[in-house]
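So you can see what is in the structure, the chains are spelled out below.
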Amino acid sequence: MTPATLIPGSVDLAQLEALVQTKGAVQLDRVCKPAVEAAASRIAETAAGDEAVYGVNTGFGKLASVKIAAKDTTTLQRNLVLSHCCGVGERTEPAIVHLMMVLKLLSLGRGASGVRWAVIELIEAMLERSVLPVVPAQGSVGASGDLAPLAHMAAVLIGEGEAEVDGHIRPGGDALAAVGLKPLQLAAKEGLALINGTQFSTAYALAALFDAWRNAKAAMVTGALSTDAIMGSTAPLQPEIHALRGHRGQIDVAATMRDLMAGSEIRESHREGDSRVQDPYCIRCQPQVTGAALDFLRQAGRTLEIEANAVTDNPLVLAGIDRVVSGGNFHAEPVGFAADQMALAIAEIGAIAQRRVALMVDPTLSFDLPPFLTPDPGLNSGFMIAEVTTAALMSENKHLANPCSTDSTPTSANQEDHVSMAAHGARRLIRMNANLGSILAVEWMCAAQGIAYRAPLQTSEPLRHAIALLRRHVAPLNEDRALAVDISQAAALIGEGQLVAATGHRGFPILGVAP
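Residues numbered from 1 in each chain as written. Predicted model: local features only at pLDDT ≥ 70, side-chain atom pairs only at ≥ 80, totals over all residues. Heavy atoms only, no water.

Quick word on a nonpolar patch on the surface
Logical step 1: Among the surface-exposed residues, Met384, Ile385 and Val388 lie close enough to one another that they form a single nonpolar patch of about 240 Å² accessible area.
Logical step 2: Structurally, Val388 is set in helix H16 (residues 384-400).
Logical step 3: Residue Val388 is classed as partly exposed on the basis of its relative accessible area of 42%. (Patch = residues over 30% accessible without salt bridge, like charges linked within 9 Å, V, L, I, M, F, W, Y side chains within 5 Å. Areas by Shrake-Rupley, 256 points an atom, 1.4 Å probe, with all protein chains shown as cover. Salt bridge = Lys/Arg side-chain N within 4 Å of Asp/Glu carboxyl O. Helix = DSSP H or I, 4+ residues; strand = E, 2+ residues; numbered from the N terminus. Buried < 20%, exposed > 50% of the residue type's maximum accessible area, 1.4 Å probe, protein only.)

Structural data, given as structure tokens:
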């Protein structure tokens, strides 16, 4: 496969999502090479000079006041990488590591980090030959960047640490040798440029963003199915209502649901003579709630798109003024805020979906559906405990949605005295999305069961396709059986985007637009 060519500073969300899905090789546009080499030359001059410049010829963190001799530059950078390999916990998913390496390439390619072109070439070659470092998931506080995780990545570049290649985990040097690559001997600042930055947090946040957007689109389908299952009204989807408020996400959700439900015989059957005046909020306010979540996800997406193209190590080579300056771009506060925003959006999409499940299994609210959607209640419990599972997942996500970015703590002998906690703020989103996917899976199953009870009336064509997809994998619940495998299969279909695709609808909201 031909490597995708990326222009540092100009990569968009669509390109990043494609890389998450394909995990393909990449290369930087060679137009960036002169700036990279010029910055490396400037760092080499600085390292040989008498002026103390942080991370180039000094120690690190609280030890920044210690001057390092020019002859010890290589040892300094090697020691930095190895000393920061302190990660713990489960292994980071290879897809996240792949994206993290791509993001590091984009940052180094801006020509402000001072690394040699050989560093970029080695990362490109590792991606092309699928050499993925083993990176423990815990250990970053999100300032000074994601030090521990990125150090485990950088260690493989110098022949240390561990990496997976050809399905086997090997020592870093052996992994490189297995595909014909050689480790680097780091020059001035290169170790610091590799381990300093927000690429670990940003990779997790981006992966979670794309999962959350798929879940949000799926929620529009399951929400439309639930609306038909309880014979809910589509009047609250009228475009004039949403235009009067003006929020982009709300307008988009209402439009999508109108399209999904158009032509439903079930809906047409109760336009007249329905004794109910209004539906509960979980039906009536779907555009307002899910739409607000879309707006939050879009805002987070814009932040992460900027961060994916950013230079976030330290110090930086400022070519315009010919200076090497120490700043604070490694602080991952923007990523932490974006992660907190996404957590709220994911939790709320799940919260309102769970209430729709509760509505469908409750015979006092479901407009004549049988208790717990079973044809023989009492002997059978139907979806009773499936609904309880959704309540547990909803509550768990509410807990996980508490902000991480406000939980700073000082580190490094108070030198690094305010941190972002973006890393675990982003990591928790993977779990939250999985929880949401399971909630939506149960809603899909309940709604399909409920719609079957409305026969001979039929739902709309797009929603019939959604039910047909489910029925190819999950049978109707005519009598009690274990549902765990069914829920898992339905959740997998949602995560793969198959539910949304099955509807045939092409007008779902797009992530990469202004909220």
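After that view, the rundown keeps rolling.
Regarding the pattern of salt bridges
Logical step 1: The full count for this structure, using the stated rule, is 17 salt bridges.
Logical step 2: Arg30 is the salt-bridge partner of Glu124, the closest N and O atoms lying 2.9 Å from each other. Of this pair, Glu124 sits in helix H5 (residues 117-128) while Arg30 sits in the loop between strand E2 (26-28) and helix H2 (33-48), placing them 94 residues apart in sequence.
Logical step 3: For Glu124, a relative accessible area of 8% gives the class buried.
Logical step 4: The class for Arg30 is partly exposed, based on a relative accessible area of 38%.
Logical step 5: The closest approach of N and O atoms between Asp252 and Arg248, which form a salt bridge, is 3.3 Å. One end of the pair, Asp252, and the other, Arg248, are both in helix H11 (residues 248-261), four residues apart, so they sit about a helical turn from each other.
Logical step 6: In this structure Asp252 comes out as buried when scored by relative accessible area, which is 15%.

Overview of the nonpolar core
Logical step 1: One finds Leu206 and Trp444 to be the most contacted residues of the largest nonpolar core, which totals 151 residues.
Logical step 2: Looking at this core, the element that brings in the most residues is helix H9 (residues 199-229), giving 19 residues.
Logical step 3: In this structure, Ile43, Ala47, Val53 and Val56 belong to the second largest nonpolar core, which totals eight residues. (Core = buried A, V, L, I, M, F, W, Y, C linked by side-chain atoms within 4.5 Å.)

Points about the pairing of strand E7 (residues 168-171)
Logical step 1: The pairing of strand E6 (residues 162-165) with E7 spans four bridges and is antiparallel. Paired with Val165 across the bridge in E7 is His168.
Logical step 2: The hairpin turn running from E6 into E7, its antiparallel successor, is two residues long, and Asp166 in that turn takes a positive phi close to 55°. (Pairing = 2+ DSSP bridges.)

Focus on H2
Logical step 1: Taking 1.5 Å of rise per residue, the 16 residues of H2 would be expected to cover 22 Å, and the 23 Å separating its terminal C-alpha atoms lies within 8% of that figure.
Logical step 2: For H2, every residue scored as buried is listed here: Val36, Ala39, Ala40, Ile43, Thr46 and Ala47. Down the axis, H2 shows its buried residues gathered within 120° of arc, on one side only. H2 presents Pro34, Glu45 and Ala48 as exposed residues on the side facing more than 90 degrees away from its buried surface.
Logical step 3: Buried-residue contacts for H2 involve helix H3 (73-83), helix H4 (94-108), H5, strand E8 (316-318) and strand E9 (323-325). (Expected span 1.5 Å × (residues − 1). Arc of directions from axis to C-beta. Contact = heavy atoms within 4.5 Å.)

Examining unusual backbone geometry
Among all residues except glycine, the phi angle is most often negative; among peptide bonds, the trans geometry is most common.
Logical step 1: In the segment running from Ala143 into Ser144, the intervening peptide bond is cis, with an omega of 5°.
Logical step 2: Structurally, Ser144 is set in the loop between strand E5 (136-138) and helix H6 (147-157).
Logical step 3: The residue after Asn314, namely Pro315, is reached through a cis peptide bond having omega -5°.
Logical step 4: Tracing the chain through its elements places Pro315 in the loop between helix H14 (286-308) and E8.
Logical step 5: Its identity as a non-glycine residue notwithstanding, Met231 has a phi of 55°, on the positive side.
Logical step 6: On the secondary structure map, Met231 appears in the loop between H9 and helix H10 (239-245).

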